[in-house]
Amino acid sequence: MSRTRTIFIIPIPSKHGSAAELCSPFSYYIINIFLADLMLAVFESLMVVEKYYGHWILGRTTCTTALFLFLCGEGVVGNIHFLVSLNRTWAMFFPLHFRRNNTKRTAAGLCAQVWLGTVVAISVWLSFNFPYVVEPIGHCRLQVAAVRTVSIIMMPVFVTPTIFIIAIYPVLWRKHQAQRRIRENMQMEKGQHQSISTIGTTFGRRSIMHRPSVACQDDDGETADEDQPVSHAAAGGHEQQFSRARTARQKRQNMNNFLVLSWISFCAVVFWSPMVWYAVGEVAFPPRYFPDSSHSAVVLWVSCSTCLDPWMFIVTMPPLRKRIRQLLRL
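This one's a predicted model, so the numbers in the text were calculated from it and none came from an experiment.

Analysis parameters
Residues numbered from 1 in each chain as written. Predicted model: local features only at pLDDT ≥ 70, side-chain atom pairs only at ≥ 80, totals over all residues. Heavy atoms only, no water. Helix = DSSP H or I, 4+ residues; strand = E, 2+ residues; numbered from the N terminus. Expected span 1.5 Å × (residues − 1). Disulfide = S-S within 2.5 Å. Core = buried A, V, L, I, M, F, W, Y, C linked by side-chain atoms within 4.5 Å. Buried < 20%, exposed > 50% of the residue type's maximum accessible area, 1.4 Å probe, protein only. Contact = heavy atoms within 4.5 Å.

Peer 1: Describe helix α3 (residues 25-53), with residues and values.
Peer 2: Between the first and last C-alpha of α3 there are 44 Å, a value that for 29 residues agrees with the 42 Å anticipated at 1.5 Å per step. One or two residues past the end of α3 sits G54, with phi positive at roughly 85 degrees.

Written as structure tokens, this is what we have:
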């Protein structure tokens, strides 16, 4: 599983950054998710080694490093997903402010704050945990019961994004449906208006065709026919086609953006919620209720979502899908 994830993560940031059509503020979130997934891929490779030998053989320092990769990876993935959900909330409820301020600099700054805050918080957490990692190590895991106070303080890093994503999705769903109905009504009204304009243009062209053509000379000295409404009608037709194509692109983009949001909410409910409840349970109850086997199962389940993230973004982002096809020469 970790090998599959690494194959589809490593080439994407390089292709992503080199493609002009992919250089958007939203791309910064995707790149950071891929980088965090890469950290989780390294952690899972170390877990494969542990499963192969039946216990941890790489020492307490390497165990702490592996825990750092896992906790930072999950923290960054969860909080970047939170930023994506917050970005969609911002776009739906404050569209004018969103268009003015949703820049690459803003996205890069938010991602940098997530990385900095997560790395600092996890480093402090593991510094308290390190003295309790005693060799021989049967299973490399965080000693939550030994550092209970610090663990309680760290819980918001993982719990808050999941709660927000789950809570805000129904609100954004209703807003999305309302905006879709408004767009459909506007398109109907615009279509009726264009039909009336086309009828008026047709009658105008017929009346002009029955009048004698008058040649006049423009500033360049070339003769130009005075029968100009025909060209205006053709220009109007091209403008209508361009408007319909732009509307179709916007509709597809809105659908792709909401599909990404739906996927994030699905991951929060199905994959992350068990990990959140497990972590809260470890803090609230004695450690005997949470054996190493249950911890491994929960970690494996959470990792499934990060394995599926690259596929989801490839499906929902046409430029990225095009680059992947070029990369794989399909």
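Peer 1: Any chance you could break down the state of the cysteines for me, citing the residues and the numbers?
Peer 2: Following the criterion strictly, the structure yields one disulfide and no others. In this model, C63 is linked to C140 through a disulfide, with the two sulfur atoms separated by 2.0 Å. Judged by the sign of its S-S torsion, about 105 degrees, the cystine formed by C63 and C140 is right-handed. Of this pair, C63 sits in helix α4 (residues 59-93) while C140 is found in the loop between α6 (104-129) and α7 (148-209), placing the two residues 77 residues apart along the sequence.

Peer 1: Describe the nonpolar core, with residues and values.
Peer 2: Counting residues in hydrophobic clusters, the biggest one holds 61 residues, and the most contacted among them are Y29, W56, L71, I80, W125 and W272. Of all the secondary-structure elements, those providing two or more residues to this core are α3, α4, α6, α7, α8 (229-284) and α9 (292-316). Not counting residues within four places of it along the chain, the set of residues in contact with I80 comprises Y29, N32, I33, C111 and V114. Residues I168, L172, F258 and L261 belong to the second largest nonpolar core, which totals five residues.

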